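# Coordinate analysis (summary)
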Amino acid sequence: MPFFARQNRSMIGKLKVYNSLKREKEEFQPLHPPHVGMYVCGPTVYSNVHLGNVRTFLSFDVVNRYLRFLGYKVRYVRNITDVGHLSDTGEDKISKKAKLDKLEPMEIVQMYANDFHDVMLQFNAIPPDIEPSAIGHLMEQIEMTQKLIDNGYAYESNGSVYFDVQKYHKENDNSYGILSGRKIEDLLSETRDLDGGSDKKSPLDFALWKKAAPEHIMRWKTQWSDGFPGWHLECSVMSTKYLGEEFDIHGGGMDLQFPHHECEIAQNAGTHGKGGAKYWLHTNMLTVNGQKMSKSLGNSFLPRELMTGDHELLERGYSPMTIRFFMMQSHYASTLDFSNEALEASRKGYVRLANGMRLMHEMEWTKDDGELNEKQVEQIKKMCDNCYHAMNDDFNTALTIGHLFNLVKKINSLHTGQLKYGEIGEETFKRMKETFLGFTEDVLGLKVESDVDYKALIDTILGEYKDAKFNRDFERVDKLRAELKAEGIVVKDMKEKIEWAFEE
Ligand SMILES: [Zn+2]
């Protein structure tokens, strides 16, 4: 069934989300149902996308998928940062890389944007509905900067324009820190001024527009100077442009909560009096064997290294769906720890679900001599409802997978004949099929992986297996069984039929 074919189901229970802005779980009530606007901070495309980012984007892929599954009409906007994101040394990350590689900044942008899209596609992520870039919205950024100057929340200094944090804070119910919980007094005592030096009135102020140094290659002419926009500004501009002054969900990694998202809120409120998103969702970071994943610790690997196993910390490579399953096995707001054992367990877990998916696609309602068994019917209905309850609880994919595993047991019993179709009835069978495939494929975004047309191949070998068995050629039977096992397929020799399954 294609993705949108199973839409508009009636809701079971109510969706609750953890809103970082309120620091509590709230019922999700979109501003303009059935429409939902969601903005997620996208990657800065100056290097290959790292796994932390992949986790964030896969988490919001599931949010997007579940909202659509519930029948909402989602507009999902995720930007590409192609200018303005500065490194610790104050250099633009993209122009720094362009100089290093002797390429045009736009070549760097294109190369890594392509890589990013490619990786996300491998992980079966649905692309955003709009993917705006910062450079594509320079006019709007210049306009917002001017508006903030006009409103008295920004000032020009030596060709750069800064946001006046303390003035904004005083005039807006002391609201700088509303998202991150930071206190302005603490910030003042801890902030060292690395960005802009004496141009700023206060070290807390952040750049909306920066005057470019003579060697800076990415620059545009404005009323203030030849320069470039500050990083925080683009997300305020693009979310407002495509989702409105108020919209439903803003997402991103937890590391963006401060200062990036805090500054976004200040810019939005300073421009038009509204803070942007109603619900702020943040994903947690990755660890490796219990340690924070970071380049400097030498324990970070790229998505492709994880797929090929080409890294000293990895015992083997894992398929994109195994990695996707692995990420779904923890709640997006918890840390996620990579270890060979955990990945190996995920490989088995994914195979179990994939077997269930394969069977559910093949199995159709069949009338047999089973009699309706209320207990079985109740159990299956409950398992189906539980999938909704788990996802409704702040998109708890880990719990959802547990309920899907319970359904796999029922599917297997039905398939092997331990459970009769007649015992659960046609309606419950259909419900189970729709729920299981809906949650595994549409919501969790998993699919049965295969590089070749494995099914035809396996059927051929199984045909030979049956012949060999019929002819009592047991040497040949064992040989075929071993051949399939080497490919990760186990033969299930049942009383009335011979079946196969992926090895768990
Ligand atoms: Zn952003």
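Reading the values: the criteria
Residues numbered from 1 in each chain as written. Predicted model: local features only at pLDDT ≥ 70, side-chain atom pairs only at ≥ 80, totals over all residues. Heavy atoms only, no water. UniProt positions renumbered as here; feature names shortened; annotations may be inferred. Donors = N, O, S within 2.8 Å, 3.2 Å for Na, K, Ca; no water. Helix = DSSP H or I, 4+ residues; strand = E, 2+ residues; numbered from the N terminus. Buried < 20%, exposed > 50% of the residue type's maximum accessible area, 1.4 Å probe, protein only. Phe/Tyr/Trp six-rings, centres within 6.5 Å; stacked < 30°, edge-to-face > 60°.

The name that an unreviewed UniProt entry assigns to the protein is Cysteine--tRNA ligase, with the source organism given as Ekhidna lutea. In its Subunit (unreviewed entry) section, the UniProt record describing the protein reads: "Monomer." UniProt lists a comment for the protein under the heading Catalytic activity (unreviewed entry), and it reads "tRNA(Cys) + L-cysteine + ATP = L-cysteinyl-tRNA(Cys) + AMP + diphosphate".

Four donors placed tetrahedrally around a metal ideally meet at 109.5 degrees, and six donors placed octahedrally ideally meet at 90 or 180 degrees. Looking at the zinc ion, the protein donor atoms are Cys41 (SG), Cys235 (SG) and His260 (NE2), and they sit 2.0 to 2.1 Å from it. For the zinc ion, all donor residues lie on one chain, and their spacing in sequence is C-x193-C-x24-H. In this pair, cysteine 41 sits in the loop between β3 (35-40) and α1 (51-69) while cysteine 235 sits in helix α7 (residues 231-243), placing the two residues 194 residues apart along the sequence. The class of cysteine 41 is buried, set by a relative accessible area of 5%.

Here we come to the packing of aromatic side chains. Counted under the stated rule, the structure contains 21 aromatic pairs. On the numbers, 5.1 Å between centres and 50 degrees between planes, the contact of phenylalanine 28 with tyrosine 279 is tilted. In this pair, phenylalanine 28 is assigned in the loop between β2 (24-27) and β3 and tyrosine 279 in strand β11 (residues 276-283), connecting sequence segments 251 residues apart. In terms of burial, phenylalanine 28 and tyrosine 279 fall into one category: buried.

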